[in-house]
Amino acid sequence: STESLVQATIPFEMGKIVGLQSQSRSQAETSTQVFLKSSIRNFRGADATSPLSYKAVMLEYSRPKKEKVKRRSKGSRMNAAQKRRMKLFTIRPEHQRYELFLPLHHLWRQYITDVCSGLKPTSSPQFLQQKLLKADLHGAVLSVVRSRCPSYVGTTGILVQEFKHVFKIITKENKVKVIPKRNSVFSLEMGGFTSFIYGSRFEQRASERSAKKFKVRGTIDL
Amino acid sequence: MAGQIKDKDAYQRLNYLYQAAHCVLSQNPDNVELARFYCSTQRTIARRLVLRQDPSVKRTVCKKCCSLLIPGVSATTRQRRKKGKIRFTVMRCLSCGHTKKLLNNPDYCLWADRPEAQLEQPPKLPETTNILSTQSFTCERAQPVDQCVLCPGKPRTVEGEAISQRGVDVS
Ligand SMILES: [Zn+2]
C-alpha cells in the first residue's frame, strides 16, 4: 500500500495551487538522475537503476563518518587554495552545450532592455554606454572584432564567465573559448545597437566594475 | 520616480545575477559550478558597494561555497529538534556539506520589517566623539578613539581617558 501511495499522481487541483509544470521527458530524466546522484550515498555513475532493482536504498543523504577535523577549519569561509582545489567555478565538459545557455541569453536581453529603460532607437549612445559599463555581461553574445592575435578574430558566442583577464565564451560549436581581454576588441549587439568593448580597458573582475569609476581617456591603441 | 533609487544599476545587476543562477540550474540541475560563480559574483558586488541583500536571498545561498541552495536539487531540508521544544530547519548544501540552521518561529519579525528600522537614522553619536575623531592626533599612541568611547565595556587606557575629558571640555 505504501508503494501505491508513493506512485500516486498528484491531484490536478493541488498541482494547480502549487504551480506544478510538467517537464519534457528528457528534462525529467536528467533531473531524476541528478536527484538520485545527490541523495544516494555511494552513487556510481549511470547505473543508477541497478541498485534500485534489487535492494533498498537510503534516500537520506548521510554524511561521511565524522572525522575530528582541526579546529581551524571551523570558519565558514573557504580560502583561495581550497576553492581552487575544489574547482568551484570550472564548468564541466558535459555542461558545455550551447543550447543550455540560450535561456540565459534571453534573460540577459530582458535585463539589458530593462537597464537601458526600454532600449528605444532614440536613446542616446552615451546613455547606453554609461549603463552598459555598470551592467552585467554574463549571458551576452560577444564576438571578437579585432585582436593582436588574429586567430581569435571572429569568435562569437555567449559570454559564460568573466574573469579578471579573460572572457570565457561558449560558441555554437559547443566549445568554451578562453579569450584574453588585453589587446582585443569585442563587439556587443543589443537591440539594434552595437557597442565595442576595448578589452585592454576592461581588465577587472566582473564584480569590481560596478564600484569603479571609469575615466574618459581618448587614446586607445591596438 | 524610479530614477531616484540610489544604486539602482547595482541592484538590478544583483537581481539579474540571482536570476541567472536560477536559470542555469533550471536548465541542468547538475551545473552547480556556473550558478555558484554567479552567486559569488553577486555576493562580492554587494559586499563592495555595501548593499544589503534581502534575507530571503541570503538564506538561499551557501555561506561557505556560494552555491544556490534549492531544496531537493542542491540542498536537503530537514526538521531537527534540540533537547527541548526548540525546532530548527536545517538546510544542508550538497556540494560542500555546510549547514544552515534556521529557528522555527512563526512570530519572528525580520529587522527590516520592524518599525524602528524604517526610521533610517543611525544611532546618533554623542557630539564629543565627533570632536574627538578630528582631534585624535593630539595623542600619539592612543588606541582608536571611538573604540574606547563607544564601548564602555572595554577598559580605557589612560590616554583615552585624557582625550575624552578634553573632548568634553571643548564641547
Ligand atoms: Zn556549500
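Residues numbered from 1 in each chain as written. Chains lettered and ligands numbered in written order. Predicted model: local features only at pLDDT ≥ 70, side-chain atom pairs only at ≥ 80, totals over all residues. Heavy atoms only, no water.

## Describing the coordination of the zinc ion
All names here are of chain B.
Item 1. Taken together, Cys62 (SG), Cys65 (SG), Cys93 (SG) and Cys96 (SG) make up the protein donors of the zinc ion, found 2.3 Å from the metal.
Item 2. Every donor counted, the four donor atoms about the zinc ion form angles of 104 to 118 degrees at the centre, which fits tetrahedral coordination.
Item 3. Counting along the primary sequence, the residues that act as donors to the zinc ion give the motif C-x2-C-x27-C-x2-C. Here Cys93 lies in strand S2 (residues 87–93) and Cys62 lies in the loop between helix H3 (55–58) and strand S1 (75–81), a separation of 31 residues in the sequence. Of the two residues, Cys62 and Cys93, both sit in the buried class. (Donors = N, O, S within 2.8 Å, 3.2 Å for Na, K, Ca; no water. Tetrahedral: all angles 85-135°; square planar, octahedral: opposite > 155°, others 65-115°. Helix = DSSP H or I, 4+ residues; strand = E, 2+ residues; numbered from the N terminus. Buried < 20%, exposed > 50% of the residue type's maximum accessible area, 1.4 Å probe, protein only.)

## Comments concerning the confidence of the model for chain B
Residues and elements named next belong to chain B.
Item 1. Chain-level pLDDT for chain B is 70 on average; 65% of the residues reach the 70-or-more range.
Item 2. The least confident element of chain B is helix H4 (residues 127–135), whose mean pLDDT is 35; the most confident is S2, at 90.
Item 3. Among the prediction metrics, the complex's ipTM stands at 0.71, with pTM recorded as 0.69. (pLDDT = per-residue confidence, 0-100.)

## Focus: the packing of helix H1 (residues 8–27) of chain B against helix H2 (residues 32–48) of chain B
Residue and element names in this part refer to chain B.
Item 1. One way to put it is that H1 packs onto H2 with a least axis distance of 8 Å and a crossing angle of 170 degrees. The angle between H1 and H2 falls in the class roughly antiparallel. Considering only the axes of H1 and H2, their crossing is left-handed. Together, Arg13, Leu14, Leu17, Tyr18, Ala20, Ala21, Val24 and Leu25 of H1 and Val32, Leu34, Ala35, Tyr38, Cys39, Thr41, Gln42, Ile45 and Ala46 of H2 make up the contact between the two elements.
Item 2. Here the residues of the contact of H1 with H2 sort into 14 nonpolar, two polar and one charged. (Axes fitted to C-alpha atoms, helices over the stretch in contact; angles between N-to-C directions. Parallel < 35°, antiparallel > 145°, perpendicular 65-115°, else oblique. Left-handed = near helix turned anticlockwise from the far one by under 90°. Contact = heavy atoms within 4.5 Å. Nonpolar A, V, L, I, M, F, W, Y, C, P; charged D, E, K, R; others polar.)

## Points about the sheet that holds strand S5 (residues 184–190) of chain A
Residues and elements named next belong to chain A.
Item 1. Across the sheet, which stays open at both edges, the six strands sit in the order S4-S3-S2-S1-S5-S6 with antiparallel pairing between neighbours. Two strands bound the open sheet, and with one partner strand each, they are strand S4 (176–180) and strand S6 (193–198). Shown here is a sheet whose adjacent strand axes are inclined to one another by a mean of 40 degrees, direction ignored.
Item 2. Sheet strands in contact with helix H6 (residues 102–115) are strand S1 (141–147), strand S2 (156–162) and S5, and its direction is about 75 degrees off that of S5. (Pairing = 2+ DSSP bridges.)

## Observations regarding a positive patch on the surface
Item 1. On the surface, a cluster of positive charge is contributed by Arg77 and Lys83 of chain A together with Arg47, Arg52, Lys58, Arg59 and Lys63 of chain B.
Item 2. With respect to the secondary-structure elements, Arg52 of chain B resides in the loop between H2 and H3. (Patch = residues over 30% accessible without salt bridge, like charges linked within 9 Å, V, L, I, M, F, W, Y side chains within 5 Å. Areas by Shrake-Rupley, 256 points an atom, 1.4 Å probe, with all protein chains shown as cover. Salt bridge = Lys/Arg side-chain N within 4 Å of Asp/Glu carboxyl O. Lys, Arg positive; Asp, Glu negative; His and termini not counted. Charge placed at Lys NZ, Arg CZ, Asp CG, Glu CD.)

## Some points on the side chain of His105 of chain A
Item 1. On the secondary structure map, His105 of chain A appears in helix H6.
Item 2. Excluding its chain neighbours within four sequence positions, the residues that come into contact with His105 of chain A are Gly139, Ala140, Val141 and Ile158 of chain A.

## Describing the interface of chain B and chain A
Item 1. Counting residues at the interface gives 42 residues for chain B, matched by 45 residues for chain A.
Item 2. Here chain B packs against chain A, burying approximately 4,000 Å² in sum over the two surfaces, 57% of which is carbon and sulfur.
Item 3. Contact with chain A buries surface across chain B, with Arg13, Tyr16 and Phe37 of chain B losing the most and accounting together for 19% of the total.
Item 4. At the surface where chain B touches chain A, the tally comes to three salt bridges.
Item 5. For the salt bridge of Asp9 of chain B with Lys131 of chain A, the shortest nitrogen-to-oxygen distance reads 3.3 Å.
Item 6. Linking chain B with chain A are five residue pairs in polar contact (both at pLDDT 80 or more).
Item 7. Contributing elements (two or more residues each) for the side of chain B that touches chain A: H1, H2 and S1 of chain B.
Item 8. Of the residues forming the side of chain B that touches chain A, the biggest block, 13 residues, is contributed by H2 of chain B.
Item 9. Here the residues of the side of chain B that touches chain A sort into 16 nonpolar, 13 polar and 13 charged. (Buried area = accessible area lost by both parts, 1.4 Å probe. Polar contact = N/O pair within 3.5 Å; in protein donor to acceptor, adjacent residues only side chain to side chain.)

## Some thoughts on the environment of Thr99 of chain B
All names here are of chain B.
Item 1. As for its position among the elements, Thr99 is in strand S3 (residues 99–103).
Item 2. Accessibility expressed as a relative area gives 28% for Thr99, which makes it partly exposed.
Item 3. Separated by 23 residues in sequence, Thr99 and Thr76 have C-alpha atoms that sit 9.4 Å apart.
Item 4. Beyond its immediate chain neighbours, meaning those up to four positions away, Thr99 contacts Val90, Met91 and Arg92.

## What to know about the pairing of S1 of chain A
Residues and elements named next belong to chain A.
Item 1. In terms of strand pairing, S1 meets S2 through three bridges, oriented antiparallel. Its bridge partner being in S2, Val141 is matched across the sheet by Ile158.
Item 2. Where S1 lies against S5, five bridges are found, and the strand directions are antiparallel. Directly across from Ser147, in S5, lies its bridge partner Ser184.

## Here's the deal with the nonpolar core
Item 1. Phe101, Leu104, Trp108, Leu137, Leu142 and Leu188 of chain A together with Tyr38 of chain B are the most contacted members of the largest nonpolar core, which has 54 residues in total.
Item 2. If one sorts the elements of this core by residue count, H1 of chain B sits on top with ten residues.
Item 3. Each residue touching Phe101 of chain A, except ones within four places of it in the same chain, is listed here: His95, Ile158, Val160 and Ile170 of chain A together with Asn31 and Leu34 of chain B.
Item 4. Counting eight residues, the second largest nonpolar core, distinct from the first, contains Met78 of chain A together with Cys62, Cys65 and Leu69 of chain B. (Core = buried A, V, L, I, M, F, W, Y, C linked by side-chain atoms within 4.5 Å.)

## A few points about the packing of aromatic side chains
By convention here, two paired aromatic rings are described through the distance between centres and the angle between planes.
Item 1. By the definition in use, this model includes four aromatic pairs over all chains.
Item 2. For the pair Tyr111 of chain A and Tyr16 of chain B, a centre-to-centre distance of 4.3 Å together with 15 degrees between the ring planes defines the contact as stacked. On the criterion of chain membership, the pair formed by Tyr111 of chain A in helix H6 and Tyr16 of chain B in helix H1 is interchain, its members lying in two chains.
Item 3. A relative accessible area of 8% places Tyr111 of chain A in the buried class.
Item 4. Overall, Tyr16 of chain B belongs to the buried group, its relative accessible area being 2%.
Item 5. On the numbers, 5.2 Å between centres and 55 degrees between planes, the contact of Phe163 of chain A with Phe37 of chain B is tilted. With one member in each of two chains, Phe163 of chain A in the loop between S2 and strand S3 (166–171) and Phe37 of chain B in helix H2 form a pair that bridges those chains. (Phe/Tyr/Trp six-rings, centres within 6.5 Å; stacked < 30°, edge-to-face > 60°.)

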